[in-house]
Amino acid sequence: MADLVLFGDVLTMDESLPQATAVAVADGRILAVGSDADVAPHIGPATVVHDVGDGCILPGFIEAHGHPLNEAVVLGEPVVDIRPVTIADADGVLAAIERAVAECGPEGALLNGWDPLLQKGLPEPTLQWLDGISPAAPLVILHNSGHAAYFNSAAAVAAGITRDTPDPEGAKFGRDDAGELDGVAYEMAAVLAVAGRVLSLDPAGFPALLAAECARMNAAGVTTVSEMAFDPAMRPALAAAVEAGVLTTRLRLYEMSDVSRASDVEPGAGDDLVRQVGIKIWSDGSPWIGNIALSFPYLDTPATRALGMACSHGHANYTGKQIREISTPYFDRGWQIACHAHGDEAITMVLDAWEKMLGDDPRPDHRLRLEHVGAMRPDQFARAAALGVTCSLFVDHLYYWGDVLVDDLFGSDHGGHWAAAGSALAAGHRISFHNDGPVTPTNPIRNIADAVTRRSRSGHVLAPDERIPVQAALRAQTVDAAWQLFSEDSIGTLVPGSHADLVVLSANPLTVEPDELENLEVRATVFAGRAVFGSL
Ligand SMILES: [Zn+2]
């Protein structure tokens, strides 16, 4: 007998039975899906029965590229949230920085979310400026992208970084002409060297932080999220959180590449709740900082001039040879690899490297991943598809930075075609979408609306030919995201035997007007058969 039966519109995301009117759950799994008559025999005296009315039942959403373990810390105490989604303007950001410095103790202040392209009017965060604000206590400000950190002299001392500190592989510390640190850390390894002291996971406090993070995920309808910057040092804190029973989302872990360490576990280690599925590499950086590798230049505009990237083609973090040297040892051991790549030059470099690697070591169904792919071209989507390389698109860029992409950075052609989901589908890809939290708030409904409408915050539609159908957008947050995480046998569709992870939306996304998609609400989220958000 079923523990729970829900009646209403059901979008199963399973092609053999796409739509149904009832779903039955038992012991945390889907027991039956079909018509009311199909499911009725599973209703017993102890079965809880709900009719969702005009709501719509779907598989729980899957965030294929997130950072929940990092976000749990970054959105908790003592980190101060200055993201553009929290503080819209420069004056508010500057006031928050001054307040944080005034209130912090000798351990200093850490703020996350600096973005001068959206918070227009922010000053250049020079070392002199940072030291002026906080002469004694460490001050670190993380760029909203996570790809840079600005730190004062006291923070350098606290982190043990000096002019003699070598640049980590694939990352660097900014230096002046005399070789002195200039207070900027670029890319993950350098950012973590500066901020890792505060961002490291403490097993004692972490379960509560992760519980709050899971609540944020569940409120957005998310029941599985990947951590794309997993560090094995996080294991004790994660184990403490699992032990405490706070996890109400499944986690799929991608370990930050470190060839000297390789990975100390085997691919797929873990269980359906927490599983390590891949390795993460960053081939280039952030379009908002200027360190992505492009075949075309940034425009010459006041915004690009202020950030020192006018007419620049940007650059990659590695050479193609290095990408191959990092990828191959992991790939040979059976790991899936996910590579951050925004610029089209970076994408070519990674595809070249992986084509050689696959030539030496062919493997069917490897699902090598490219992440974000902002400037990926139609011919590159076709080439990736032919290699079996899959793509996760950051379509929420279109909403928050759509106007910046076109007006400030790249113009209507390159900027307008950013995150070209239509071209990806035309090339035959199974794609996923993501918010890369905390870069933008995890919000699959917004991503679906972004991909269907390609509308920016100001209402401009970017490259309408790249818009995709609602059904395809839903797949990118459910079944195809599950597939990218090698988890399609247990999540992402509502079929008998799969985990009873599901979301109840306020209406059927296939029947609302495209412009109304963004107004859909998550009424309830069910995780392993248990309501973890809202009410059924
Ligand atoms: Zn990321």
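Just so it is clear, the structure is predicted and the values come from calculations on it, not from any experiment.

Criteria and cut-off values
- Residues numbered from 1 in each chain as written.
- Predicted model: local features only at pLDDT ≥ 70, side-chain atom pairs only at ≥ 80, totals over all residues.
- Heavy atoms only, no water.
- Pairing = 2+ DSSP bridges.
- Helix = DSSP H or I, 4+ residues; strand = E, 2+ residues; numbered from the N terminus.
- Axes fitted to C-alpha atoms, helices over the stretch in contact; angles between N-to-C directions.
- Salt bridge = Lys/Arg side-chain N within 4 Å of Asp/Glu carboxyl O.
- Buried < 20%, exposed > 50% of the residue type's maximum accessible area, 1.4 Å probe, protein only.
- Donors = N, O, S within 2.8 Å, 3.2 Å for Na, K, Ca; no water.
- Domains from an automatic or database assignment.
- Contact = heavy atoms within 4.5 Å.
- Buried area = accessible area lost by both parts, 1.4 Å probe.
- Arc of directions from axis to C-beta.
- Phe/Tyr/Trp six-rings, centres within 6.5 Å; stacked < 30°, edge-to-face > 60°.

## Points about the sheet that holds strand 19 (residues 502–505)
Here is step 1: With mixed pairing, the seven strands of this open sheet are ordered in space as 3-2-1-4-19-20-21. Either end of the sheet is taken by a strand with one partner, and the two such strands are strand 3 (29–34) and strand 21 (530–534). Looking at each pair of strands side by side, their axes are set apart by 35° on average, direction ignored.
Here is step 2: Relative to strand 2 (residues 19–26), strand 1 (residues 4–11) is paired through six bridges, and the arrangement is antiparallel. The partner of leucine 6 across the bridge, within strand 2, is valine 23.

## As for the pattern of salt bridges
Here is step 1: In the structure shown here, the tally under the stated rule is 26 salt bridges.
Here is step 2: Note that arginine 455 is salt-bridged to aspartate 515, the shortest N-O span being 3.1 Å. Remark: aspartate 515 occurs in the loop between strand 19 and strand 20 (522–527) and arginine 455 occurs in the loop between helix 15 (444–453) and helix 16 (470–476); sequence separation between them is 60 residues.
Here is step 3: A relative accessible area of 32% means that arginine 455 is categorised as partly exposed.

## Describing unusual backbone geometry
Here is step 1: In the segment running from glutamate 77 into proline 78, the intervening peptide bond is cis, with an omega of 0°.
Here is step 2: Assignment of secondary structure puts proline 78 in the loop between helix 2 (68–74) and strand 6 (80–81).
Here is step 3: With an omega of 10°, the peptide bond running from glycine 437 to proline 438 counts as cis.
Here is step 4: Relative to the assigned elements, proline 438 resides in the loop between strand 18 (432–433) and helix 15.
Here is step 5: At arginine 367, a position not held by glycine, the phi torsion is positive, near 55°.
Here is step 6: Relative to the helices and strands, arginine 367 resides in the loop between helix 11 (344–360) and strand 16 (369–372).
Here is step 7: Looking at arginine 367, the relative accessible area reads 6%, which means it is buried.

## Brief notes about the coordination of the zinc ion
Here is step 1: On the protein side, the zinc ion has His65 (NE2), His67 (NE2) and Asp436 (OD) as donor atoms, found 2.1 Å from it.
Here is step 2: Mapping the donors of the zinc ion onto the primary sequence yields the spacing H-x1-H-x368-D. Taken individually, histidine 65 and histidine 67 each receive the classification buried, so the pair is uniform in this respect.

## Observations concerning the domain arrangement of the chain
A common way to state how big an interface is: give the accessible area lost once the parts meet.
Here is step 1: For the chain, the domain assignment lists domain 1 (1–59 + 494–536) and domain 2 (68–200 + 275–491).
Here is step 2: For domain 1 versus domain 2, the distance between C-alpha centres works out to 35 Å.
Here is step 3: The interface is formed by 18 residues belonging to domain 1 together with 15 residues belonging to domain 2.
Here is step 4: Where domain 1 abuts domain 2, roughly 1300 Å² becomes buried across the two surfaces, and 70% of that area is made up of carbon and sulfur atoms.
Here is step 5: The largest per-residue losses of area from domain 1 upon contact with domain 2 belong to Met13, Leu517 and Glu518, which jointly make up 41% of the total buried on that side.
Here is step 6: In this assembly, domain 1 and domain 2 are joined by three salt bridges.

## Brief notes about the sheet that holds strand 11 (residues 181–186)
Pairing between the strands of a sheet comes from backbone hydrogen bonds, and it takes one of two forms, parallel or antiparallel.
Here is step 1: The sheet built from six strands is open, its strands ordered 6-7-8-9-11-10 with mixed pairing. Strands with a single pairing partner mark the edges of an open sheet, and in this sheet they are strand 6 and strand 10 (172–175).
Here is step 2: For strand 10 and strand 11, the ladder comprises three bridges, and the chain directions are antiparallel. Considered in strand 11, the bridge of phenylalanine 173 is made with alanine 185.

## Quick notes on helix 8 (residues 235–243)
What sets the pattern is the α-helix's 3.6 residues per turn: residues three or four places apart point alike.
Here is step 1: Burial in helix 8 covers these residues: Ala237, Leu238 and Ala241. Projected down its long axis, helix 8 shows its buried positions confined to an angular sector of 100°, all on one face.
Here is step 2: Turning to helix 8, the residues buried within the fold contact helix 2, helix 7 (206–219), strand 12 (222–230), strand 13 (250–256) and strand 14 (274–282).
Here is step 3: Positive phi shows up at glycine 245, right after helix 8, with a value of about 75°.

## Things to note about the packing of aromatic side chains
Here is step 1: Counted according to the given criterion, the structure contains eight aromatic pairs.
Here is step 2: When the ring of phenylalanine 296 is compared with that of phenylalanine 410, the centres are 5.6 Å apart and the planes differ by 85°; the resulting orientation is edge-to-face. A residue pair is termed long-range when its members are at least 10 positions apart, and phenylalanine 296 in the loop between strand 14 and helix 9 (302–306) and phenylalanine 410 in helix 13 (residues 396–414) qualify at 114 residues.
Here is step 3: Judged by relative accessible area, phenylalanine 296 falls into the buried class, the value being 8%.
Here is step 4: Looking at phenylalanine 410, the relative accessible area reads 4%, which means it is buried.
Here is step 5: Considering the side-chain rings of tyrosine 298 and phenylalanine 410, the 4.7 Å spacing of their centres and the 40° angle between planes classify their relative orientation as tilted.

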